[in-house]
Amino acid sequence: MNRYARPRTVWLFLVPALAFYLSFVALPIAQSFYVSLFDWPTHAAAPARFVGLENYARLVNDGVFWKALSHNVALVVLSLVIQLPVALFLAALLSGRVFARGFFRTVYFTPMVLPTVVIALVWRQILLPATSAGLLTQLLAWLGLPSPADGFLGDPRFALLSVILTISWRYVPFHMVLFIAGIETIPEELYEAARIDGANARQLFRHITLPSLAPVVRISAVLSIVGSLKYFDLVYVMTGGGPPEHVTELMTTYMFKIGIDQQTIGYGSAVAVAGFLISMLVVVAVMCFRWHRRPAVTEVHP
Amino acid sequence: MTGRVLRQSVLYLVLAAFVVVALYPVFWMFTCGLKTRTEVSRDKWGLPDAWHWENFHEVLYKHRFWRYVVNSVIVTVSAVLLTVVAASLAGFAFARTRFRGRSLLFYVFLAGMMIPVHIVLIPLLKIFGSLHLADTRSALVMSYVAFSLPVSIFILRGFFEGVPTELEEAARIDGCSAAGVFWHVMLPLARPAVAVVVIFNFVTLWNEFIFALTLINTKALATIPLGMWEFSTEYGRDVPLTCAALSISILPMLLVYVFAQKHIIRGLTSGALRG
């Protein structure tokens, strides 16, 4: 398009971004692959020993890693199953004629601007056991319902689910806003025509809103899947991957424990590389699926 | 008629219920901060008997709180500024010039949006160590810029592509260089897109946790999220004091949100919708 820009000028435009990106994203990724092939002594004095794929062999036999991976899969599935329908429900409610719509949207979106650390610490208080006066346990007791003696985060049966629900609490509003924006782009004429044909509210939603939203739902799903595979914050602060037995361990929290806390950088890098490859594989798979039937992408101009 | 009234009441009841779900944790945190320790252990749900501001006072004047705020401001503002400069230059190049490997390079940047940050943590510690930047705010800023670039370049490139070429050609005829076109024509036009990039990155980085947790060890260099994490490990047993600290820590962002909610909601979501 631009006949005038000399190649040298073009590169000048790209240099700042490239410098940051290559030094602190591309180079570290390559280094992680390299580091994962060595056994690194904890004390810096001794030299690293090349072990080839030994760290990966260890990974394949590491039950905790597989457990962590299964929790990531649970997070992917439950996020899709919980977050998207609730978000769609709220978006549908707020897309009709609603008094103080903007107020509700703003209030619902609040969790998205709070730091995950704060969210995690508050929800930890809410989910505490009865002995520590957990809010939720007290509420359930007041309703005459039982709750786990060790609290929701202390009980292996509930810990993962509790964490996933807290994550959902934070991310539902994000998807809700995407859906609202998507619904707003649907031409009003479609609804009018259907109304003339005698369609009721439910039919309008089922046959116009839902199909028109498909591209946005797909974007939401992709973001949710990618986010769930690399999720870290809330789990790390709420449970640290515990209670003791890795009940809520994710690939990222496990990597952090080994590679950063324990400074076992060879094996820690192998865990990081495995998590990276799994994420990227899924991303590529999802993208291919998307390209197969490319939707008309909703553009929201800033 | 009664059907309509009933439907409306159910609608607003549901909407109100979700208001409680969204806000109650924050509201509880704030009221808990106003209680004394004995009151919290006696009655966790209730409102405070009297407003005890002592906890807030203690957080503000006896702890490192202001250091965290200063660190967060320094780190976030520098990272956002650097990101905007580098991303608008690169976004312009990707949108408006042709060079070999352009789309490949663009996809390399794009991939950055999907990369789990954990893959870079261990090497980054080494890299910043060898640059003599271990445990500094600069290390945090540089990592933030690197990871903010992909989505920022993506948003800005999309915007620059939408600018009519006639404007650019007119400036060319008047003798503008590529840099001149960028500075005098494109950048002023791109203000709305720059605003989106600024808001998105500001909110994300202000709340960022993993990089801070990994790269910062000195307590006096912690940002607000890291500071709150350390505060809770140190004083977590004092529930009202922790609640007061957490409440104060979210106050700046909440205030900004109240006054600029439309822009913030759009800023945080429009990057996604452009995908």
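Residues numbered from 1 in each chain as written. Chains lettered and ligands numbered in written order. Predicted model: local features only at pLDDT ≥ 70, side-chain atom pairs only at ≥ 80, totals over all residues.

Quick word on the overall build of chain B
A count of helices and strands for chain B gives 13 helices and zero strands. Secondary structure elements in chain B, listed N-terminal to C-terminal, are α-α-α-α-α-α-α-α-α-α-α-α-α. Relative to the 2.2 N^0.38 estimate, which gives 19 Å for 275 residues, the radius of gyration of chain B is 24 Å and therefore markedly larger than a compact globule would have. If you line up chain B on its principal axes, its C-alpha atoms span 75 × 70 × 30 Å. Out of the 275 residues belonging to chain B, those deemed buried represent 49%. (Helix = DSSP H or I, 4+ residues; strand = E, 2+ residues; numbered from the N terminus. Rg over C-alpha atoms; globule rule 2.2 N^0.38 Å. Buried ≥ 20, exposed ≤ 12 C-beta atoms within 10 Å, placed from the backbone.)

What about the overall build of chain A?
Secondary structure summary: chain A contains 12 helices and two strands in total. From first element to last, N terminus to C terminus, chain A shows the α and β order α-β-β-α-α-α-α-α-α-α-α-α-α-α. Considering only C-alpha atoms, chain A reaches an extent of 80 × 75 × 30 Å along its principal axes. Counting across all 302 residues of chain A, residues that qualify as buried make up 41%. The long-range fraction of contacts in chain A, counting pairs at least 24 apart against all pairs at least 6 apart in sequence, stands at 66%. (Contact = placed C-beta atoms within 7 Å.)

Re the interface of chain A and chain B
With 74 residues of chain A at the interface, the matching set in chain B holds 80 residues. In terms of residues, the side of chain A that touches chain B owes the most to one element, helix H1 (residues 7-35) of chain A, which gives 16 residues. Across the side of chain A that touches chain B, the residue classes tally to 55 nonpolar, 16 polar and three charged. (Nonpolar A, V, L, I, M, F, W, Y, C, P; charged D, E, K, R; others polar.)

Quick look at the environment of Leu215 of chain B
All names here are of chain B. Among the secondary structure elements, Leu215 is positioned in helix H11 (residues 210-215). A residue is classified by how many C-beta atoms lie within 10 Å of it, and Leu215, with 24 of them, is buried. For the pair Leu215 and Met186, spaced 29 residues apart in sequence, the C-alpha to C-alpha distance is 36 Å.

Concerning the nonpolar core
Of all hydrophobic cores here, the largest spans 167 residues; its most connected members are Ala17, Phe179 and Val271 of chain A together with Ala90, Val145 and Leu149 of chain B. Considering each element in turn, this core owes the most residues, 16 residues, to helix H7 (residues 137-162) of chain B. Val145 of chain B has contacts with Phe20 of chain A together with Ala79, Leu82, Thr83 and Ala86 of chain B, leaving out every residue within four places of it along the chain. (Core = buried A, V, L, I, M, F, W, Y, C linked by C-beta atoms within 7 Å.)

A few points about the confidence of the model for chain A
Across chain A, the average pLDDT comes to 87, with 92% of residues at 70 or higher. Across residues 294-302 of chain A the pLDDT falls below 50, and counting only partners more than four positions away or on other chains, this stretch makes 20 contacts in the model. (pLDDT = per-residue confidence, 0-100.)

Some details on the environment of Asn201 of chain B
Residues and elements named next belong to chain B. Relative to the elements of secondary structure, Asn201 occurs in helix H10 (residues 191-206). Separated by 196 residues in the primary sequence, Asn201 and Val5 have C-alpha atoms spaced 44 Å apart. For Asn201, the contacting residues outside a window of four places in its chain are Val80, Thr83, Ser148 and Ser152.

Structural notes on helix H5 (residues 116-126) of chain A
One full turn of an α-helix is made of 3.6 residues, so residues set three or four places apart face in the same direction. Of all 11 residues that make up H5 of chain A, 11 are buried, and the element is covered over most of its length. Turning to H5 of chain A, its buried residues are Thr116, Val117, Val118, Ile119, Ala120, Leu121, Val122, Trp123, Arg124, Gln125 and Ile126 of chain A.

Let's talk about unusual backbone geometry
Outside of glycine, negative phi angles account for most residues, and trans bonds account for most peptide bonds. Residues and elements named next belong to chain A. Its identity is not glycine, yet Gln263 carries a phi of approximately 60°, on the positive side. Its location among the elements puts Gln263 in the loop between helix H11 (251-261) and helix H12 (265-292). The exposure class assigned to Gln263 is partly exposed, which follows from the 14 C-beta atoms found within 10 Å.

Brief notes about helix H4 (residues 101-109) of chain A
Those residues of H4 of chain A not exposed but buried are Phe104, Arg105, Tyr108 and Phe109 of chain A. End-on, the buried residues of H4 of chain A take up no more than an arc of 125°, which puts them together on one face. (Arc of directions from axis to C-beta.)

Here we look at the confidence of the model for chain B
All names here are of chain B. Within chain B, residue pLDDT values average 89, and 98% of them lie at 70 or more. Between the elements of chain B, mean pLDDT differs from a low of 81, seen in helix H2 (residues 37-42), to a high of 95, seen in H11. Under the prediction, the complex receives an ipTM of 0.90, its pTM being 0.90.

Some words on the environment of Thr233 of chain B
Of note, Thr233 of chain B is situated in helix H12 (residues 224-235). In sequence terms Thr233 of chain B and Ala87 of chain B are 146 residues apart; their C-alpha atoms lie 37 Å from each other.

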